[in-house]
Amino acid sequence: MKRYLQPDLISDYPWYVRLILRLQKKKYGAPLDPSLIWGKAPRLLLAFSSFNAILNRKRSPLSPELRVLLSLLVAQKNHCQFCIDLNLLLSIKRHVCDKKVNALANYQESPHFSDKERLALEYTESICNKQNSLSHQLLPKLQEMFPENAVVELTTLVLVQNMSCMFNNTLQIPAQGLCQRLTPPK
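Computed from a predicted model, the values in this text were never measured in an experiment.

**Focus: the packing of aromatic side chains**
Evaluated as defined, the whole model comprises 3 aromatic pairs. When the centroid spacing of 4.5 Å and the interplanar angle of 10° are considered together, the rings of Trp38 and Phe48 count as stacked. Residue Trp38 is located in helix α2 (residues 33–38), and its partner Phe48 is located in helix α3 (residues 42–55); the two are separated by 10 residues in the primary sequence. Of the two residues, Trp38 and Phe48, neither departs from the other in class, the shared state being buried. Look at Trp38 and Phe167: their rings are 4.3 Å apart centre to centre, the planes differ by 20°, and that puts the pair in the stacked class. Taken together, the residues Trp38 in helix α2 and Phe167 in helix α9 (residues 148–170) connect sequence positions 129 residues apart. For Trp38, a relative accessible area of 11% puts it in the buried group. An aromatic cluster is defined as three or more aromatic residues linked by ring pairs; in this entry it consists of Trp38, Phe48 and Phe167.

As structure tokens, this is what we get:
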């Protein structure tokens, strides 16, 4: 796949973009390709990076494992190869059970997921498939299993991941080879 936009030279980005890219290089081995493109609009990259940092903070009401499973499901539903690659890497770093990652496409029937995880994944899928009536039906169940702040964060995480997938797919940003694990079958 040919990229729609090419990244600038690292030295051409503002200092705060270079700082973000340097932190990504330390964490992932290279700056993330979407960040190089977001960096063409530096304030948007700063806002997007801040938003993601808040969603992935240590004190989130959602566990790191659940966050990566939800993000991976969104990436798979949107066929975003970059997001699949990144979230598979994060699943390894966050010690997510391989059985869960491999069973994600069939989470409803898999014994590897808790009822709480299944509900969050079903809600995520309903948002990805734009099934608002189903999402609305699931909200009372979510409120029984999750505190309200977790429902808000879960919804926000899914929507931000959807936006990220759409950004990458629209601008033809391919997988970066961050993770060598095979993606689960569809």
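**Regarding the nonpolar core**
Counting 56 residues, the largest nonpolar core has Phe146 and Leu154 as the members making the most contacts within it. Aside from chain neighbours lying at most four places away, what touches Phe146 is Leu62, Leu66, Lys116, Ala120, Val151 and Leu154.

**A look at the side chain of Asp85**
As for its placement among the helices and strands, Asp85 is situated in helix α5 (residues 81–93). If near-sequence neighbours (up to four positions away) are discounted, Asp85 is found in contact with Ala175, Gln176, Gly177, Leu178 and Cys179.

How each quantity is defined
Residues numbered from 1 in each chain as written. Predicted model: local features only at pLDDT ≥ 70, side-chain atom pairs only at ≥ 80, totals over all residues. Heavy atoms only, no water. Phe/Tyr/Trp six-rings, centres within 6.5 Å; stacked < 30°, edge-to-face > 60°. Helix = DSSP H or I, 4+ residues; strand = E, 2+ residues; numbered from the N terminus. Buried < 20%, exposed > 50% of the residue type's maximum accessible area, 1.4 Å probe, protein only. Core = buried A, V, L, I, M, F, W, Y, C linked by side-chain atoms within 4.5 Å. Contact = heavy atoms within 4.5 Å.

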